[in-house]
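Coordinates in review
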Amino acid sequence: MKSIIATAAALVLAGHAFAQDSFELDPAQAATAEALVEQALESDLAWSIVESLTTEVGPRMPGSEAEVRARAWGEALGQSLSFDRVVIEPFTMPFWDRGELEISITSPYTQALHGSALGGSGASPRSGPVESDVVYFRDIDALTAVADGSLEGKIAFVDGDAMVATQTGAGYGPANNRRRIGWQHAERAGADAIVVRSVGSDFHRNPHTGMISSMDGEWASIPVIAISNPDADHLRRLHHTGAPLAMQIRATAGWHGDVTSGNVVMDIVGSELPDEIVLIGGHLDSWDLGTGAIDDGAGVAITVAAAELIARLPERPRRTIRVVMFGAEEVGLLGARAYAEQHADEVANHVMATESDFGAGRIWQLASNVDEGANPAIDAIGRIIAPLGILRGGSNVPGGGPDIIPLAMLGVPTVRLNQDGMDYFDLHHTPDDTLDKIDPEALAQNVAAYAALVYLAANMDVEFRTPAEETAADE
């Protein structure tokens with residue numbers, strides 16, 4: 001086994017030049033990190049966790065009764081494992097419910113479409129159907145140019161292209177504009193409803209849901225619907241025939257007041273520097289079309305399992321390792337924002353943060369955004385996990401994961417273990433986000449990388465942030 005690892009390491013390291021200033025890991029810490037990698041590759045703990053979450057709790061809409069059950073599940077899980085402290089930190093949020101949706105073409109003939117109300121969508125009038133002629137827009141730019149009031153009595157359909165599948169998910173942002181802001185221009189123009197091509201890279205008749213963006217704190221008063229890529233292709237072809245195109249939509253989506261959500265926070269308390277925190281996690285909520293296996297049950301399972309392997313060591317790490325199961329991520333990073341606010345007085349104690357929230361594909365790259373002087377230490381971690389097929393990426397890459405953004409904006413150093421996302425947006429926010437899409441071996445590789453990374457970050461005698469950054473965060 002060691003000869004195979006050595007060969008793999010040589011191949012990976014040959015493709016990357018690490019920082020010239022070397023950092024020598026403590027030999028005992030390096031040996032423990034390597035042992036954690038081996039244990040993780042043989043462990044099925046992460047699989048058991050995500051299987052339990054998706055089976056026993058199921059879909060976990062933010063603010064719903066299911067998310068309440070998910071928090072109880074997370075608290076019980078942490079208490080059954082080796083964590084020293086497990087708490088639920090509540091926060092208040094507005095609750096949006098999908099309701100019911102019926103959508104079909106009514107001209108030039110009748111055909112049901114596969115669609116999903118987008119988060120923040122409004123209802124059709126009095127929850128009855130609206131039937132209107134369709135105005136076709138090739139892309140979101142065409143809709144943004146429309147004149148005020150020019151779509152009265154119409155339904156806007158925004159086409160576009162299916163997003164391009166990439167390892168990094170780079171196509172998501174540009175494609176997502178039609179989902180986020182399309183409704184704002186449709187409402188400005190007086191449309192009865194807006195229908196957009198799903199933001200996804202698959203060609204199944206599965207609609208991709210997701211959240212729209214509010215406008216000055218206001219949400220859509222009209223139905224905002226995403227339809228599957230094949231259905232969008234069909235509408236495009238019908239448009240090009242020149243035949244009159246009409247749709248009927250009945251939607252009952254809407255807001256239902258404030259409810260309580262929360263974050264599940266679990267600590268392995270440090271033995272020497274308990275106030276210094278290495279934070280990892282994933283988000284506990286999910287959309288309701290699937291069971292939230294890859295988004296983000298896998299991330300919860302990976303980070304909890306990695307921390308548990310560390311907790312089982314004979315000695316606690318020097319720093320505290322904190323796992324956060326963030327709530328209400330899907331509707332605007334609400335749990336992440338609440339965590340940053342509730343822990344504002346200890347932000348400067350967060351020495352590093354990262355999240356697993358890009359599915360369950362194999363990790364292929366380690367990127368970071370720490371103080372320049374700490375880069376050699378991150379390089380040293382990279383050498384430990386290189387045998388897993390992980391390249392050292394950029395050392396000035398903002399990020400850490402969606403739920404880490406509020407902390408990163410306050411100056412917390414971040415790292416990111418980038419996963420292979422080639423098929424992530426085939427599954428993301430669809431009915432296909434289910435447990436069978438997770439490869440147990442790839443899941444174990446993720447746990448191995450996180451276990452080594454987090455163990456070393458919690459034990460290294462390294463300042464990941466400069467004193468000036470610490471002062472700014474403290475202020």
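Please refer to the structure placed before this passage.
My aim in this report is to walk through the structure given alongside it, one point at a time. (Residues numbered from 1 in each chain as written. Predicted model: local features only at pLDDT ≥ 70, side-chain atom pairs only at ≥ 80, totals over all residues. Heavy atoms only, no water.)

**Looking at the overall build of the protein chain**
Assigned secondary structure in the protein chain consists of 14 helices and 16 strands. Computed over the C-alpha atoms, the radius of gyration of the protein chain is 24 Å, within 12% of the 23 Å expected from 2.2 N^0.38 for a compact globule of 475 residues. By principal-axis analysis of the C-alpha atoms, the protein chain measures approximately 75 × 45 × 45 Å. Buried residues in the protein chain amount to 58% of all 475 residues. Of all intrachain contacts in the protein chain linking residues separated by at least 6 positions in sequence, the fraction that spans at least 24 positions is 84%. Summed over its atoms, the accessible surface of the protein chain is roughly 18200 Å², and 52% of this surface lies on carbon and sulfur atoms. (Helix = DSSP H or I, 4+ residues; strand = E, 2+ residues; numbered from the N terminus. Rg over C-alpha atoms; globule rule 2.2 N^0.38 Å. Buried < 20%, exposed > 50% of the residue type's maximum accessible area, 1.4 Å probe, protein only. Contact = heavy atoms within 4.5 Å. Areas by Shrake-Rupley, 256 points an atom, 1.4 Å probe, with all protein chains shown as cover.)

**Concerning helix H10 (residues 375-385)**
Burial within H10 is extensive, with ten of its eleven residues counted as buried. Within H10, burial applies to Asn375, Pro376, Ala377, Ile378, Asp379, Ala380, Ile381, Gly382, Ile384 and Ile385. Those residues of H10 hidden inside the fold are in contact with helix H2 (27-42), strand S13 (350-353), strand S14 (363-369), strand S15 (391-392), strand S16 (414-419) and helix H13 (440-459).

**Some remarks on the environment of aspartate 161**
Inspection of the secondary structure assignment puts aspartate 161 in the loop between strand S6 (154-158) and helix H6 (172-188). For the pair formed by aspartate 161 and glycine 210, sequence separation is 49 residues and the distance between their alpha carbons is 17 Å. Ignoring anything within four residues of it in the chain, the contact list for aspartate 161 reads Arg138, Arg178, Arg197 and Arg236. Of note is the side chain of aspartate 161, whose polar atom sits 3.5 Å from the side chain of arginine 236. (Polar contact = N/O pair within 3.5 Å; in protein donor to acceptor, adjacent residues only side chain to side chain.)

**Topic: the pairing of strand S11 (residues 273-283)**
Note that S11 and strand S12 (residues 319-326) share eight bridges and pair parallel. Bridge pairing links valine 278 to isoleucine 321 in S12. In this region the chain leaves S11, passes through helix H8 (residues 293-311) and returns to the parallel neighbour S12; the handedness of that crossover is right-handed. As paired strands, S11 and S13 are joined by three bridges and run parallel to one another. Within the sheet, the bridge partner assigned to leucine 279 lies in S13 and is alanine 353. (Pairing = 2+ DSSP bridges. Right-handed = clockwise from strand over helix to strand, strands pointing away.)

**Remarks on the layout of surface pockets**
Its volume calculated, the largest pocket comes out at about 1000 Å³. If you trace the largest pocket, you find 40 residues lining it, with Tyr172, Glu329, Asp357, Pro402 and Ile405 closest to the centre. Broken down by secondary-structure element, the contributors of at least two residues to the lining of the largest pocket are H6, S14, S16 and helix H12 (424-427). For the lining of the largest pocket, the per-class residue count stands at 17 nonpolar, 16 polar and seven charged. (1 Å grid on protein atoms, 1.4 Å probe; cavity = no way out; pocket = protein on both sides within 12 Å on 5 of 7 lines; lining within 4 Å. Points joined across faces, edges and corners; volume = space filled by probe spheres on them. Nonpolar A, V, L, I, M, F, W, Y, C, P; charged D, E, K, R; others polar.)

**Some remarks on the pattern of salt bridges**
Two side chains of opposite charge can pair, provided their charged atoms sit close to one another. Using the criterion set out here, one finds 24 salt bridges in the structure. Arginine 69 serves as the salt-bridge partner of glutamate 65, at 2.6 Å between the closest nitrogen and oxygen. Here glutamate 65 pairs with arginine 69, and both are found in helix H4 (residues 65-80), just four residues apart, close to one helical turn. Accessibility expressed as a relative area gives 33% for arginine 69, which makes it partly exposed. One salt bridge connects aspartate 288 with arginine 98, and the closest N-O pair in it is separated by 2.6 Å. In this pair, aspartate 288 sits in the loop between S11 and H8 while arginine 98 sits in the loop between strand S1 (85-97) and strand S2 (101-107), placing the two residues 190 residues apart along the sequence. Residue aspartate 288 is classed as partly exposed on the basis of its relative accessible area, which comes to 26%. Through salt bridges that share partners, Arg138, Asp159, Asp161, Arg197, Asp233 and Arg236 make up one connected network. (Salt bridge = Lys/Arg side-chain N within 4 Å of Asp/Glu carboxyl O.)

**Observations regarding the packing of H2 against H13**
Remark: H2 packs on H13, axes separated minimally by 8 Å, with the N-to-C direction vectors making an angle of 160°. Comparing their axes, H13 and H2 come out roughly antiparallel. Two packed elements cross with a definite hand, and for H2 against H13 that hand is right-handed. Residues Gln29, Thr32, Ala33, Leu36, Val37, Ala40 and Leu41 of H2 form the contact with H13, whose own contacting residues are Ala444, Gln445, Val447, Ala448, Ala451, Ala452, Tyr455, Leu456 and Asn459. For the contact of H2 with H13, a count of residues per class yields twelve nonpolar, four polar and no charged. (Axes fitted to C-alpha atoms, helices over the stretch in contact; angles between N-to-C directions. Parallel < 35°, antiparallel > 145°, perpendicular 65-115°, else oblique. Left-handed = near helix turned anticlockwise from the far one by under 90°.)

Everything listed is a geometric property; what it means functionally is a separate question.
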